[in-house]
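Architecture at a glance
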Amino acid sequence: MNLLLLILVPLATAIAVLLMPGKTQVRWAALTGAVVQLVLSGGLLMAYRAARMAGQTTQMLFEQQHKWFPGWSISFHLGVDGISVAMILLTSFVVIAGVLISWNIEKMTKEFYFLLILLSLGAYGFFMSLDLFLLFFFLEVAVIPKYLLIGIWGSGKKEYAANKLALLLMFGSALVLVGILGTYFGTDIKTFDMMSLSAIHIAPDVQKICFPLLFVGFGIFTALFPFHTWVPDGHSSAPTAGSMFLAGISMKLGGYGCLRVATALMPEGAKEYSHIIIILASIAILYGAFATMMQRDFKYINAYSSVSHCGFVLLGIGMLTKTAITGAVLQMVSHGVMTALFFAVIGMIYERTHTRQVDEMGGLLKVMPFISTVLFIVGLCSLGLPGLSGFAAEMTIFVGSWQNADAFHRIATVVACMSIVVTAVYILRAIGKVAMGPIKAANVNLTDANWYEKTAAIILVAGILAIGLAPSWLVNLVDPGADFIMQKIGVK
Amino acid sequence: MNDFLILMKPELAVTVIIFLLLFIKLGKGMSNGNMLLLIQGLLLLNFALGFVLLDEGSLFGGLYKTSLLMAFQKNLLNLGVFLISLLFADWFKKSEHLPEYFMLMLSALLGMFFLISSGNLLMFYLSLELASIPVAAMANFDLHKKISSEAAMKMILSSAFSSGILLFGISLVYGATGTISFDELPAVINGGGLQVMAFIFLFAAFAFKLSIVPFHFWTADVYQGSPAPTAAFLSVISKGAFAFIFLTALYKVFQPLHATWYNLIMVLAVVTMLVGNLFALRQQQIRRFLAFSSIAQVGFILVALLSNSPSGTTAIVYFVLIYIFSNLAAFAVAGTIESQTGKTTVNDYKGLYQSNPFLCWMMALALFSLAGVPPTAGFFGKLFLITAGAEQASYLFVIVVALNLVISLYYYLRIVRAMFMDKNEHPLPVMTVQFPVKLGLILCAAGIVLTGLISWIYDYIQLLS
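All values reported here derive from a predicted model rather than from experimental measurement.

For chain B, the helix and strand inventory stands at 21 helices and 2 strands. Relative to the globule expectation of 23 Å for 465 residues, the C-alpha radius of gyration of chain B, 21 Å, shows essentially globular dimensions. Its C-alpha atoms put chain B at 65 × 60 × 45 Å along the principal axes. Within chain B, contacts between residues separated by at least 24 positions form 82% of all contacts whose residues are at least 6 apart in sequence. With the model as given, the accessible surface of chain B reaches about 16,000 Å², and the carbon-plus-sulfur share is 70%. Counting 23 positive and 19 negative side-chain charges, chain B places the averaged centre of each group 10 Å from the other.

This is the structure:
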């Protein structure tokens, strides 16, 4: 399969959106593009599995490399392993749901969809890049659409949130940039190509400097404590689709970068700093959970719980065992789908009640059975109910963490496990207040979900169930990729 | 004779246009509109000519030298001047002395051509004067505005001051080494105290022209007071030309003093970036804002100078090309708004997107490119500047430079925020964007998007340097 298609289709969609005359055409153009993306990523999954079945054992499949700034040994190098395929699949799910959920956006519709599609373009490119420069390019492509989406279509303190997000993410990119340049000049082969870099041994002193730069830089994107502050503000101020993309896709860029670039290229650096990563991740998990308990705004609840959930991703990476890393990837995919759905549901409720304060809602199950049911599903997924995706992912991480036999890792695992109780508290309380109980008089005449909202929700619920009920296909998908990373870590 | 014609083709072409304009001016009866069209045509032809009949060599016993890279650099400036003639059509059509203005601009351009090609400090000094004095006159062309004459006054005084310093430096160089030829100097420079002092004086003159901190004080006032095309010319064309000759001076002539200028440049790069960025944060006037932003951009150019290798040359020439597109587009939007409504502050731009989406997108694209955000070309330009410099620098330095990227993003976003997000009951009225301005902006936008993504432009420059 030609991976270039996954960049060209969003690009063509973005251009088509710009050329469409009316708002309806814009929406349909964007939806068509999103459907094609979903089909393509589904096809990619099939092609990938078929290729592995046929016995292809190279780390990356469907590689292609084109000349691009050869003077700096940069190339347009694309390729995927199972981890990338999983992330691409996640992206296409969130994109189609995001496009559907924004169906009723009336303000500057064309610009909105253009930026949304541009954001997805950046994510696809990022997950397929096998060149550090190209990867960095796609990482930054997504910053400006995020800024504009929040600043123009957002609500509340949107300018403040947009600025904070753009500057913190830029700060993260700056660290990544220094790390990348350090890697480039730190080796004798002087290349940005990740495959060539992973084939050689990068000197330990270079790793010790560049690993923290890269890890913290990417970590900022995925709410690494104490750089998580953009997450609550950014997510809660963004429009619904913006929050879905931010939490569902953008935060995963960071996790993927931490794994693919920082850990896989610099295993010795990872070992050196794994204690610090684990401590920070545990703090994020617990702090995020407790902070969520204090929130009354529904969007803030999900935003802070994202800090907690993304902490699991970093925890899994920091544990450096194969099971934990597999779990981290599972958690990225699971949290991506789950949080996108959560934000979508919150958006649907807000559309109708015009409030996000949990205390002001109540009894919504009576008037909006569909939306409330989805809310239950997503809430239970978030607190880790078996059968839904959150359980499969977090359980894998815990098992992987426990494989480290020393006291430090065990304590960290226990601490992280404790957060599940806290999660149960805030999720059940929030859902209870929103959906159960007596209904407010003002809310009696509210309507249930529209066709586009239902479609979006069903697509994402399908994703949650697919991972939760049968995690093995995703585990098998990720497995060879995790194997290669473990090989790198294992070799001194 | 043939050598003379081919090697000096860029200079001859510009000279011919200057004389042509002079004769047309002496005759009479040509409306501003037709005149502008003619000028645009001539400048386009001039730019096209820059692609053919290229050769390398030297003339007049080494006074004048040219190479393929120099021819390319000159043609970049030609492109910039052509774009200026398109982008500021609003102002040009109102101008009372259109041909004179272009004669002055082309004279300055001619000076810059000789500057790039100079092979001797004498030639260097003469062409530097030719490149500076007409610009001071151009700064005074808003004849009814007091602030314009003030700008011209500041410009000419600071130019004179820097020329004085330069001449002193040149005489010291001659005193210390006994030669002023670029070819002979590297062999006789050995790092003696007097030579270093002479170098510092020369360096100061460059710093004035490039507005490197602490020699930047004239910049904001002149950019604000002079007519929009003059400010654009100064910030883009003039900066580009001086950056090119600075490369020759540091990499070839003063190569033996590498240890000295390396530290100097490293410190000045950081200081220039920081001062430009921090002052730009607070500016309310768009032109002053662009002035400080361009000071910060010079800081980034200095970073690449550290590389002391062809990759530095490539990165700088490439960056100047991108800078021409980005900064000219930003100045053009500001200039169009100013000439149609007289509004010049950031607050006036609030809610501009409601009334003028085209201008806003162009401005946003230009600002993103200046900030170095992909997919604009500015991203590639900035990254290669930093990469070139990073080879010879410490982690700490690279981190400081990268953090400056973040600061600069903040203030570029300020303008974007005003245009796209801030609410305004009475945004500026709908403006008519004239055809040449529109064409120019679209050319710039194409340049901003394509120059980065298409890597062969970079490869070509690399081949030359």
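On we go.
A count of helical and extended segments in chain A gives 20 helices and 2 strands. Computed over the C-alpha atoms, the radius of gyration of chain A is 21 Å, within 12% of the 23 Å expected from 2.2 N^0.38 for a compact globule of 492 residues. C-alpha atoms of chain A, sized along the principal axes, occupy 70 × 60 × 45 Å. By residue count, 66% of the 492 residues in chain A fall in the buried class. Here the contacts in chain A between residues at least 6 apart in sequence split such that 81% fall between residues at least 24 apart. Computed over 29 positive and 23 negative side-chain charges, the separation of the two mean positions in chain A equals 5 Å.

This part covers the interface of chain A and chain B. In this complex, chain A contributes 36 residues to the contact, which on the side of chain B involves 40 residues. Counting each side, the surface lost to burial between chain A and chain B is near 3,600 Å², with a carbon and sulfur contribution of 80%. There are 0 salt bridges connecting chain A and chain B. The tally of links from chain A across to chain B stands at 5 residue pairs in polar contact (both at pLDDT 80 or more). A total of 13 residues in the side of chain A that touches chain B trace back to one element, the largest contributor, which is helix 7 (residues 158–186) of chain A. Tallied by class, the residues present in the side of chain A that touches chain B amount to 27 nonpolar, 4 polar and 5 charged.

There is about 1,300 Å³ of room inside the largest pocket. Surrounding the largest pocket, 41 residues form its lining, Leu-11, Phe-114 and Leu-118 of chain A together with Pro-375 and Val-449 of chain B being those nearest its centre. Breaking the lining of the largest pocket down by element, the ones donating at least two residues are helix 1 (5–19), strand 1 (61–67), helix 4 (109–128), helix 5 (132–141) and helix 6 (143–153) of chain A together with helix 17 (357–371) and helix 20 (435–453) of chain B. By residue number, the principal contributor to the lining of the largest pocket is helix 1 of chain A, which donates 7 residues. Each residue belonging to the lining of the largest pocket can be placed in one class, and the counts come to 36 nonpolar, 2 polar and 3 charged. The computed volume of the second largest pocket comes to approximately 530 Å³.

Right, let's talk about the packing of aromatic side chains for a bit. All chains considered together, the criterion is met by 72 aromatic pairs over all chains. With centroids separated by 5.8 Å and ring planes inclined at 25°, the aromatic side chains of Phe-136 of chain A and Phe-379 of chain B adopt a geometry described as stacked. In this pair, Phe-136 of chain A sits in helix 5 while Phe-379 of chain B sits in helix 18 (residues 377–390), so the two residues belong to two different chains. Since its relative accessible area comes to 1%, Phe-379 of chain B is described here as buried.

Residue and element names in this part refer to chain B. As a packed pair, helix 11 (residues 217–225) and helix 12 (residues 228–253) sit with axes 8 Å apart at the nearest point and diverge in direction by 135°. Taken as axis vectors, helix 11 and helix 12 run oblique relative to one another. Contact with helix 11, carried on its side by Trp-218, Val-222 and Tyr-223, involves Ala-231, Leu-234, Ser-235 and Lys-239 of helix 12 and no other residues of that element. Looking at the contact of helix 11 with helix 12, its residues break down into 5 nonpolar, 1 polar and 1 charged.

Here the focus is the side chain of Thr-263 of chain A. All names here are of chain A. Assignment of secondary structure puts Thr-263 in helix 11 (residues 240–265). Its relative accessible area of 1% is what places Thr-263 among the buried residues. Sequence-distant contacts of Thr-263, defined by excluding residues within four places in its chain, comprise Phe-211, Phe-215, Cys-258, Ala-270, Ile-317, Leu-320 and Ile-489.

All right, on to empty space enclosed by the protein then. Residue and element names in this part refer to chain B. The full count for this structure, using the stated rule, is 10 cavities of 30 Å³ or more. Reported here for the largest cavity is a volume of approximately 140 Å³. Every residue lining the largest cavity is counted, 16 residues in all, and those nearest its centre are Lys-9, Pro-10, Gly-50, Leu-54 and Ala-71. Among the elements of the structure, helix 1 (2–7), helix 2 (9–26), helix 3 (32–49) and helix 4 (68–87) are those that each provide at least two residues to the lining of the largest cavity. The dominant element in the lining of the largest cavity, judged by the number of residues it contributes, is helix 4, at 4 residues.

Another aspect to go through is a nonpolar patch on the surface. A surface patch of nonpolar side chains, amounting to about 520 Å² of accessible area, comprises Leu-5, Ile-6, Leu-49, Phe-51, Val-52 and Leu-53 of chain B. On the secondary structure map, Ile-6 of chain B appears in helix 1.

For a regular strand, the rule is simple: side chains alternate between the two faces of the sheet. Residue and element names in this part refer to chain A. Counting buried positions over the 6 residues of strand 2 (residues 75–80) gives 6, a clear majority of the element. Neither face of strand 2 is exposed, since Ser-75, His-77 and Gly-79 on one face and Phe-76, Leu-78 and Val-80 on the opposite face are all buried. Pairing of strand 1 with strand 2, which is carried by 5 bridges, proceeds in the antiparallel orientation. Looking at strand 2, one finds that Leu-61 is bridged to Val-80.

Structurally, the position occupied by Val-216 of chain A is in helix 9 (residues 204–221). Those residues within four positions of Val-216 of chain A in sequence are excluded, and the remaining contacts are Leu-175, Leu-224 and Phe-227 of chain A.

All right, on to the nonpolar core then. Formed by 396 residues in total, the largest nonpolar core has its most connected members in Met-244 and Phe-298 of chain A together with Phe-233, Phe-246 and Phe-384 of chain B. By residue number, the principal contributor to this core is helix 15 (residues 310–341) of chain B, which donates 19 residues. In this view, Phe-298 of chain A contacts Phe-342, Ile-346, Ile-349, Arg-356, Val-358, Met-361, Leu-375, Ala-430 and Val-434 of chain A; residues no more than four positions away in its chain are not counted.

All names here are of chain A. One can find Arg-52 in helix 2 (residues 23–53). Sequence separation between Arg-52 and Val-176 is 124 residues; the distance between their C-alpha atoms is 32 Å. Once residues lying within four places of it in the same chain are set aside, the contact partners of Arg-52 are Thr-57, Thr-58, Gln-59, Leu-61 and Pro-480.

Reading the values: rules and limits
Residues numbered from 1 in each chain as written. Chains lettered and ligands numbered in written order. Predicted model: local features only at pLDDT ≥ 70, side-chain atom pairs only at ≥ 80, totals over all residues. Heavy atoms only, no water. Helix = DSSP H or I, 4+ residues; strand = E, 2+ residues; numbered from the N terminus. Rg over C-alpha atoms; globule rule 2.2 N^0.38 Å. Contact = heavy atoms within 4.5 Å. Areas by Shrake-Rupley, 256 points an atom, 1.4 Å probe, with all protein chains shown as cover. Lys, Arg positive; Asp, Glu negative; His and termini not counted. Charge placed at Lys NZ, Arg CZ, Asp CG, Glu CD. Buried < 20%, exposed > 50% of the residue type's maximum accessible area, 1.4 Å probe, protein only. Buried area = accessible area lost by both parts, 1.4 Å probe. Salt bridge = Lys/Arg side-chain N within 4 Å of Asp/Glu carboxyl O. Polar contact = N/O pair within 3.5 Å; in protein donor to acceptor, adjacent residues only side chain to side chain. Nonpolar A, V, L, I, M, F, W, Y, C, P; charged D, E, K, R; others polar. 1 Å grid on protein atoms, 1.4 Å probe; cavity = no way out; pocket = protein on both sides within 12 Å on 5 of 7 lines; lining within 4 Å. Points joined across faces, edges and corners; volume = space filled by probe spheres on them. Phe/Tyr/Trp six-rings, centres within 6.5 Å; stacked < 30°, edge-to-face > 60°. Axes fitted to C-alpha atoms, helices over the stretch in contact; angles between N-to-C directions. Parallel < 35°, antiparallel > 145°, perpendicular 65-115°, else oblique. Patch = residues over 30% accessible without salt bridge, like charges linked within 9 Å, V, L, I, M, F, W, Y side chains within 5 Å. Pairing = 2+ DSSP bridges. Core = buried A, V, L, I, M, F, W, Y, C linked by side-chain atoms within 4.5 Å.

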